[in-house]
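The lines below spell out each chain.
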Amino acid sequence: MSPTTDLVEIEQLLARYAVAMTRGDVDRVLKVFTPDGTYSAFGDTYPLDEFPALVAAAPKGLFLVGTPAVDLDGDTATGTQPLCFVEHSEHEMRIGYYNDTYVRTPEGWRLRTRSMTFIRRSGSHDSGRPHAFTRS
């Protein structure tokens with residue numbers, strides 16, 4: 001594939017993630033990851049089998065994402081994508097960015113890792129406060 005085709009496919013993958021998160025469609029969110037994929041935020045890393053409970057405990061709202069900056073390297077890539085999350089009931093915002101790793105699979109490009117960094121009013125960048133989700 002051409003680098004342009006790869007970039008468009010990765011951008012569409014990330015758009016599917018944002019739309020599925022906005023709609024609360026966890027099954028579709030999981031499909032954008034590799035089976036061994038992980039999500040990191042709130043000071044911890046979560047395997048995909050914990051992702052449904054993690055999402056259930058999170059606030060609901062609109063995931064607005066920007067165009068990712070992606071570095072391709074054959075069948076792998078890394079990238080950073082800005083995020084503005086708007087909570088649905090009070091319209092409070094969280095801003096930050098995702099740091100990602102991607103891998104080309106037989107089904108197309110997939111996220112292997114996604115790590116959230118929040119930007120605070122103070123200007124600091126961190127992985128966040130502990131989440132409402134608790135591991136069993």
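Please refer to the structure placed before this passage.
Residues numbered from 1 in each chain as written. Predicted model: local features only at pLDDT ≥ 70, side-chain atom pairs only at ≥ 80, totals over all residues. Heavy atoms only, no water.

**What about the overall build of the protein chain?**
Argument step 1. Counting secondary structure elements, the protein chain contains three helices and eight strands.
Argument step 2. Ordered by position from N to C terminus, the α and β elements of the protein chain give α-α-β-β-α-β-β-β-β-β-β.
Argument step 3. Principal axes of the C-alpha set define a box for the protein chain whose edges measure 45 × 35 × 25 Å.
Argument step 4. The 136 residues of the protein chain split such that 38% are buried. (Helix = DSSP H or I, 4+ residues; strand = E, 2+ residues; numbered from the N terminus. Buried < 20%, exposed > 50% of the residue type's maximum accessible area, 1.4 Å probe, protein only.)

**Here we look at the packing of aromatic side chains**
Argument step 1. Across all of its chains, the model carries five aromatic pairs by this definition.
Argument step 2. Pairing Tyr17 with Tyr98 gives two aromatic rings, centres 5.8 Å apart and planes at 80°, and the pair type is edge-to-face. Taken together, the residues Tyr17 in helix α1 (residues 3–23) and Tyr98 in strand β6 (residues 93–105) connect sequence positions 81 residues apart. Each member of the pair Tyr17 and Tyr98 is classed as buried.
Argument step 3. Plain terms: the ring middles of Tyr39 and Phe51 are 5.4 Å apart, the flat faces sit at 75° to each other, and that makes the pair edge-to-face. (Phe/Tyr/Trp six-rings, centres within 6.5 Å; stacked < 30°, edge-to-face > 60°.)

**Section: the pairing of strand β5 (residues 76–87)**
Argument step 1. The sheet contact formed by strand β3 (residues 61–65) and β5 spans five bridges and is antiparallel. Across the sheet, the residue bridging to Gly61 is Glu87, located in β5.
Argument step 2. Sheet topology places strand β4 (residues 69–73) next to β5; five bridges connect them, and they run antiparallel. When the sheet's bridge partners are listed, Asp71 is paired in β5 with Thr78.
Argument step 3. Where β4 folds back onto β5 in an antiparallel hairpin, the turn is made up of two residues, including Gly74, whose phi is positive at roughly 70°.
Argument step 4. Relative to β6, β5 runs antiparallel, the two sharing eleven bridges. In the strand pairing of β6, Ala77 is matched with Tyr102.
Argument step 5. Two successive antiparallel strands, β5 and β6, enclose a turn made up of five residues, where His91 displays a positive phi of approximately 60°. (Pairing = 2+ DSSP bridges.)

**So, the nonpolar core**
Argument step 1. Ranked by size, the top nonpolar core spans 30 residues in total, and within it Tyr17, Tyr39, Phe51, Tyr102 and Leu111 carry the most contacts.
Argument step 2. At the level of secondary structure, the elements contributing two or more residues to this core comprise α1, α2 (26–30), β1 (33–41), α3 (51–57), β5, β6 and β7 (108–119).
Argument step 3. Broken down by element, the residue count for this core peaks at seven residues, all from α1. (Core = buried A, V, L, I, M, F, W, Y, C linked by side-chain atoms within 4.5 Å.)

**Quick word on the pattern of salt bridges**
Argument step 1. Counting across every chain of the model gives five salt bridges.
Argument step 2. One network of salt bridges, in which partners are shared, links Asp6, Asp75 and Arg104. (Salt bridge = Lys/Arg side-chain N within 4 Å of Asp/Glu carboxyl O.)

**Thoughts on the environment of Met21**
Argument step 1. Turning to its location among the elements, Met21 is positioned in helix α1.
Argument step 2. Along the chain, Met21 and Gly61 lie 40 residues apart, while their C-alpha atoms are 8.3 Å from each other.
Argument step 3. Leaving out residues up to four positions away in the same chain, Met21 has contacts with Val29, Phe51, Val55 and Phe63. (Contact = heavy atoms within 4.5 Å.)

**Some points on the side chain of Arg114**
Argument step 1. In this fold, Arg114 is placed in strand β7.
Argument step 2. For Arg114, a relative accessible area of 1% puts it in the buried group.
Argument step 3. A distance of 2.9 Å separates a polar atom in the side chain of Arg114 from a polar atom in the side chain of Gln81.
Argument step 4. With near-sequence residues (within four places) excluded, Arg114 lies in contact with Leu14, Tyr17, Phe33, Thr38, Tyr39, Ser40, Gln81, Tyr98, Asn99 and Asp100. (Polar contact = N/O pair within 3.5 Å; in protein donor to acceptor, adjacent residues only side chain to side chain.)

By themselves, these observations are geometric and do not establish any function.
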